[in-house]
Amino acid sequence: MKEVLVIANRTLGGPKLLEAVRERAAGGDVRFRLVVPQMKPSAGLVIYDEAVRESAQVRVDLALSAVAAEGIEATGEVGDPDPFMASMDAVAMHRPDEIILSTHPATHSGWLRRDLIERLQNATGLPVQHIVVDLDQEGLAFKVTLVVANKTSSGEELIAHLTAKAAQGGEHLFIAVIPQVDGGGDAPREARARLASMLDRLHAAGLLSSGMIGGPDPYTATINALELFRVDDVVISTLPGERSGWLRSNLIERVRGATSASVEHVVVDPRAATIAAPAA
């Protein structure tokens, strides 16, 4: 079986890259190995290393789910922040027959400024196909919604809202961010449990989704995610009114002021669901 190594980060999901994968898959007897190098944030932005790594894992998860839905065999991993080292590690581990490298156009690609294609060709002796993905012109092959929630992450109102968005047509990806409730020692475990429960519900509804936890400041967690992912819109879910610390801190308005993406607010009231349950 032919092994094809695919190296990509932000351009993962670009139409030209997906088409290249589909063309090879149509030939049969091929398996893909996806490597997503961790992305360094823009200068001046402080993003925790864990968030950078988790964002790369989210890309891996979503990409593998998307190609699996088309019957394409693939595995994936998060790579070193240096794309050359990430590629060479994967070559040494998996012994591919070919490399597909996806980048932004030359004017926006740090990978090309570092002569990544030539270095890989010289170091591996493998054929390297370069796919240029211009996200500004082409966009992604999917609509992407960032979902920010914590205590309301598995609420019926939120799941129903996201299901309705997915039903509007076209391929749709959902990236969940669950900020921790505080800086306590149990907070990461709680956030991961909420994330797992939410993703279980989204997957059960047939929605293509993955996610990560964030720091305890929901605004910072959201802004970091907007730096790490290219999204079409943002859905923020909160408790009602004065019961929501996020609303008291004007989270919705602050996020709207920081992004050009549309920001929707979904209120979830767990108390109402609990009260209604006996009557049901």
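Thresholds, definitions, all that
- Residues numbered from 1 in each chain as written.
- Predicted model: local features only at pLDDT ≥ 70, side-chain atom pairs only at ≥ 80, totals over all residues.
- Heavy atoms only, no water.
- Buried < 20%, exposed > 50% of the residue type's maximum accessible area, 1.4 Å probe, protein only.
- Helix = DSSP H or I, 4+ residues; strand = E, 2+ residues; numbered from the N terminus.
- Arc of directions from axis to C-beta.
- Contact = heavy atoms within 4.5 Å.
- Axes fitted to C-alpha atoms, helices over the stretch in contact; angles between N-to-C directions.
- Parallel < 35°, antiparallel > 145°, perpendicular 65-115°, else oblique.
- Left-handed = near helix turned anticlockwise from the far one by under 90°.
- Nonpolar A, V, L, I, M, F, W, Y, C, P; charged D, E, K, R; others polar.

Enquirer: Mind showing me how you'd approach helix 5 (residues 116–124) here?
Expert: Think of an α-helix as 3.6 residues a turn; residues three or four steps apart then line up on the same face. Three or more residues of helix 5 are buried, namely Leu-116, Ile-117 and Leu-120. Viewed along the axis of helix 5, the buried residues span an arc of 100 degrees, placing them on a single side of the element. Buried residues along helix 5 sit against helix 3 (83–94), strand 4 (98–103), helix 4 (110–113) and strand 5 (128–132). Of the residues one or two after helix 5, Gly-125 is the one with positive phi, at around 70 degrees.

Enquirer: Help me understand the packing of helix 9 (residues 218–228) against helix 11 (residues 251–258) in this model?
Expert: A pair of packed helices can be characterised by two numbers: the angle between their axes and the separation between those axes. Running from amino to carboxyl end, helix 9 crosses helix 11 at an angle of 25 degrees, the nearest separation of the two axes being 10 Å. Here helix 11 runs roughly parallel to helix 9, going by the angle between their axes. Here helix 9 runs over helix 11; the crossing is right-handed. Contacts between helix 9 and helix 11 involve Pro-218, Tyr-219, Thr-222 and Ile-223 from the first element and Leu-251, Arg-254, Val-255 and Ala-258 from the second. A breakdown of the residues in the contact of helix 9 with helix 11 according to their chemical character gives six nonpolar, one polar and one charged.

Enquirer: What exactly am I supposed to notice about the environment of Ala-66 here?
Expert: Inspection of the secondary structure puts Ala-66 in helix 2 (residues 49–68). Here Ala-66 falls in the buried class, since its relative accessible area comes to 12%. Put simply, Ala-66 and Glu-171 are 105 residues apart on the chain and 9.4 Å apart in space, counted from C-alpha to C-alpha. In contact with Ala-66, not counting residues within four places along its chain, are Phe-142 and Leu-208.

These figures capture arrangement, not role.
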